[in-house]
Amino acid sequence: MSAVGEAKGAVPELTRSGVRSQSTIGRPVEFRGLSLFHGYDATVRILPAAENTGIVFRRVDLSGAPDIPARCEFVTRVPRRTVLAASNEATVETVEHLMAALAGLQVDNCLIEINAPEVPAYDGSCRPFCDGILDAGLVQTTAAASVVTVSSACRLKGQARQSLALRPYLLPCPAITYHFDYGVRGLIPAQQFSIELSPETFYQQISNARTFVLESEIAALKKMGYGSHLTTRDIVVIGSDGPIDNSLRWSDEGVRHKILDCVGDLALSGTAFHGHLTATRSGHHLNHEMANVLTMMKQGQPAAAITAA
């Protein structure tokens, strides 16, 4: 499916207050492909789930088919991607693109069966996942979706000038502004993108943005055992003269993909938010910290780890 007009009829509508019902998918949908870092031939099957289930991965290739809830407390720290672990064996890697598709389309509940340790990558965007989900259709339940309304400003700081700031917003929706700047010597020019997120705007402006890697990083990644199955046609590789053997879908595709990653990582909080998130050079680890903050806000706890902006 590619007609965005069809997507409009398939997603829950917000009321004027921003409240909506929880939703799940209308029928099972399956995805199969090679994973990004390890090259597993992985099959993912997304199944409808009851209200208040949340998003749960199930490793059907392991004994007992253990569940791995897609929540902050199951995040394990690894480089360059989001990995969930319920035990040393029961892990699932590179979940951020699939999580972004679900969160971007406002799917609150589903069971995700997977037969490998890593999610299929497709072209490095989340558009294939979105198309499959929309083709399956969404079904609303009677329970209200969890939404945190940001009432005061907070800020998290990371390394290398990374930061995330969350502030109140005039409209009952999430808005994200991302500042993307690798410095004067960076191969990718500084970029900024702002968006008020809805299923329509996510699908049209974010979901098709692909992950990327710098040509200078490839040797080190392969030395760690990552991406040996990939070519410059499989992933956007940025060299000194721009993309190698590839072309960009937008001139600012890089910053759009960073927003895609933010959406997927923040979904691990188990809640949507109404507020304005401003990101500067943020990566997965800092995104996970903000997801923890949203989890605390959802539980009504004081966000003690936050520095006031």
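Please refer to the structure higher up on the page.
None of these values were measured; they are calculated from a predicted model.

## Quick notes on helix H7 (residues 284-298)
Now for step 1: Across its 15 residues, H7 extends 21 Å between first and last C-alpha, which sits within 8% of the 21 Å expected from 1.5 Å per residue.
Now for step 2: The positive-phi residue at the C-terminal boundary of H7 is Gly300, with phi of around 75 degrees.

## Some points on the pairing of strand S3 (residues 41-48)
Now for step 1: Pairing of strand S2 (residues 29-34) with S3 involves 6 bridges; the strand directions are antiparallel. Directly across from Phe31, in S3, lies its bridge partner Val44.
Now for step 2: Sheet topology note: the S3/strand S9 (residues 110-114) ladder contains 5 bridges and is antiparallel. When the bridges of S9 are listed, Ile46 appears paired with Ile112.

## Quick notes on the pattern of salt bridges
Now for step 1: Inspection of the entire model under this criterion finds 12 salt bridges.
Now for step 2: For the salt bridge of Arg45 with Glu113, the shortest nitrogen-to-oxygen distance reads 4.0 Å. Taken together, the positions of Arg45 in strand S3 and Glu113 in strand S9 put the pair 68 residues apart, joining distant regions of the chain.
Now for step 3: Owing to a relative accessible area of 34%, Arg45 belongs among the partly exposed residues under this scheme.

## A look at the sheet that holds S3
Now for step 1: In spatial order, the strands read S2-S3-S9-S4-S5; together these 5 strands make up an open sheet with mixed pairing. Because the sheet does not close on itself, it has two edges, and the strands there are S2 and strand S5 (67-69). With direction set aside, neighbouring strand axes in the sheet form an average angle of 25 degrees.
Now for step 2: As defined by bridge partners, strand S4 (residues 55-59) adjoins S5 across 3 bridges and the pair is classed as antiparallel. Pairing of Phe57 across the sheet is with Ile68, part of S5.
Now for step 3: Where helix H2 (residues 96-104) meets the sheet, it contacts S3, S4 and S9, and its direction lies at approximately 145 degrees from that of S4.

What counts and how
Residues numbered from 1 in each chain as written. Predicted model: local features only at pLDDT ≥ 70, side-chain atom pairs only at ≥ 80, totals over all residues. Heavy atoms only, no water. Helix = DSSP H or I, 4+ residues; strand = E, 2+ residues; numbered from the N terminus. Expected span 1.5 Å × (residues − 1). Pairing = 2+ DSSP bridges. Salt bridge = Lys/Arg side-chain N within 4 Å of Asp/Glu carboxyl O. Buried < 20%, exposed > 50% of the residue type's maximum accessible area, 1.4 Å probe, protein only. Axes fitted to C-alpha atoms, helices over the stretch in contact; angles between N-to-C directions. Contact = heavy atoms within 4.5 Å.

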